[in-house]
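Survey of secondary and tertiary structure
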Amino acid sequence: MAGFHLQVHILFLMISSGFTQTEENVALSKWYTQSSFHPVFAHRPGNAANGNTDGHFDNDNCIHTHAGDYQPSWEVNLQQVYPVLNITIFGRTGFLRRLVGVSVRVDGVLCTKIRELPTRRRTSLSCATTLYGQRVKLEKELISSNSDENVLNICEVQIMVCPRGYFGDRCDRPCGKCRKRNSYCDRYTAKCQHALLPASLHWRHLPRMCCYKYGENCKMSCGRCKDKVACRHDNGHCSSGCAAGWAAPMCDTGNHPIMREHSTGKFK
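Residues numbered from 1 in each chain as written. Predicted model: local features only at pLDDT ≥ 70, side-chain atom pairs only at ≥ 80, totals over all residues. Heavy atoms only, no water.

Within the structure shown, the criterion is met by five disulfides. Note that cysteine 62 is cross-linked by a disulfide to cysteine 155, the S-S spacing being 2.0 Å. Across the S-S bond linking cysteine 62 and cysteine 155, the dihedral sits near 90°, which makes this disulfide right-handed. Of this pair, cysteine 62 sits in the loop between strand E2 (31-34) and strand E3 (63-64) while cysteine 155 sits in strand E8 (residues 153-161), and the two are 93 residues apart along the sequence. A residue is classified by how much of its surface remains accessible, and cysteine 62, at 2% relative accessible area, is buried. Using a relative accessible area of 0% as the deciding quantity, one classes cysteine 155 as buried. Sulfur-sulfur distance for the disulfide between cysteine 111 and cysteine 127 comes to 2.0 Å. Torsion about the S-S bond of the cysteine 111 and cysteine 127 cystine: about -100°, corresponding to left-handed handedness. (Disulfide = S-S within 2.5 Å. Helix = DSSP H or I, 4+ residues; strand = E, 2+ residues; numbered from the N terminus. Buried < 20%, exposed > 50% of the residue type's maximum accessible area, 1.4 Å probe, protein only.)

In structure tokens form, the structure reads like this:
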């Protein structure tokens, strides 16, 4: 009987407090690149996504580009497409002014930009709309005559998404339209990322099957996107732009030597 009352009490607490799924920080344990490094401290671009939000800069925390870098940037390759909407950036203690002019891009598409001096180290940002992408890049605009203030100097980047199959402010609503909840849905519209994939396909197979593919069942091949970024899975457009010699938005035609050879039937 005591066990029954305990179960009822737990159920009451769940209902009264509201069932909430924990957000996932998909920036952790991924691939990172950085345009340049501080001449003294360790060259570790992963310091900006190691789970340490402390604002103290040293060899094991925060990233710092070189003062002579005229295009300072940091990028994380999420290794698969995610619905990116909310990003949190933790600045370095005493150097929050260096966050001014930092922009966030998702597969080359502008998400948002920090235009004013943050009042706290934790800066919460949101894209105007959900952007589906694999690469999230932070770029620093050169806004000062002092090169030391033009560096990209951040201590942590968090990219928060709802667990697969859920949406809403508290990530507590299931995406009923997604086939067997295989894919991530939009956090606020519940629109499915891979609604056209076969229902029998397990989500673990998505990255391999849809790598550089798009359309129904991922049967169509992406064009030549810039920096070898994958195209959009819904329409095949290259959000990052095209590689040199290829024409937007599909990047599958243009004045590239491969296209000229194909049109004439002459291959080297």
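Core analysis: the biggest nonpolar cluster contains 32 residues, and Trp74, Ile87, Ile89, Val136, Leu138, Ile154 and Ile159 have the highest contact counts within it. For this core, the secondary structure elements donating two or more residues are strand E4 (73-91), strand E5 (102-106), strand E7 (122-140) and E8. With eight residues, the top contributor of residues to this core is E4. Non-local contacts of tryptophan 74, meaning those with residues more than four positions away in its chain, are made with Tyr32, Thr33, Gln34, Pro45, Ala48, Ala49, Ile63, Val136, Lys137, Leu138, Leu152 and Val157. (Core = buried A, V, L, I, M, F, W, Y, C linked by side-chain atoms within 4.5 Å. Contact = heavy atoms within 4.5 Å.)

Evaluation of the coordinates by the stated rule reveals nine salt bridges. Glutamate 149 is the partner of arginine 98 in a salt bridge, and the nearest nitrogen-oxygen pair spans 3.9 Å. Of this pair, arginine 98 sits in the loop between E4 and E5 while glutamate 149 sits in the loop between E7 and E8, and the two are 51 residues apart along the sequence. Here arginine 98 falls in the buried class, since its relative accessible area comes to 7%. Judged by relative accessible area, glutamate 149 falls into the buried class, the value being 16%. Measuring nitrogen to oxygen at the nearest pair gives 3.2 Å for the salt bridge that ties arginine 105 to glutamate 139. (Salt bridge = Lys/Arg side-chain N within 4 Å of Asp/Glu carboxyl O.)

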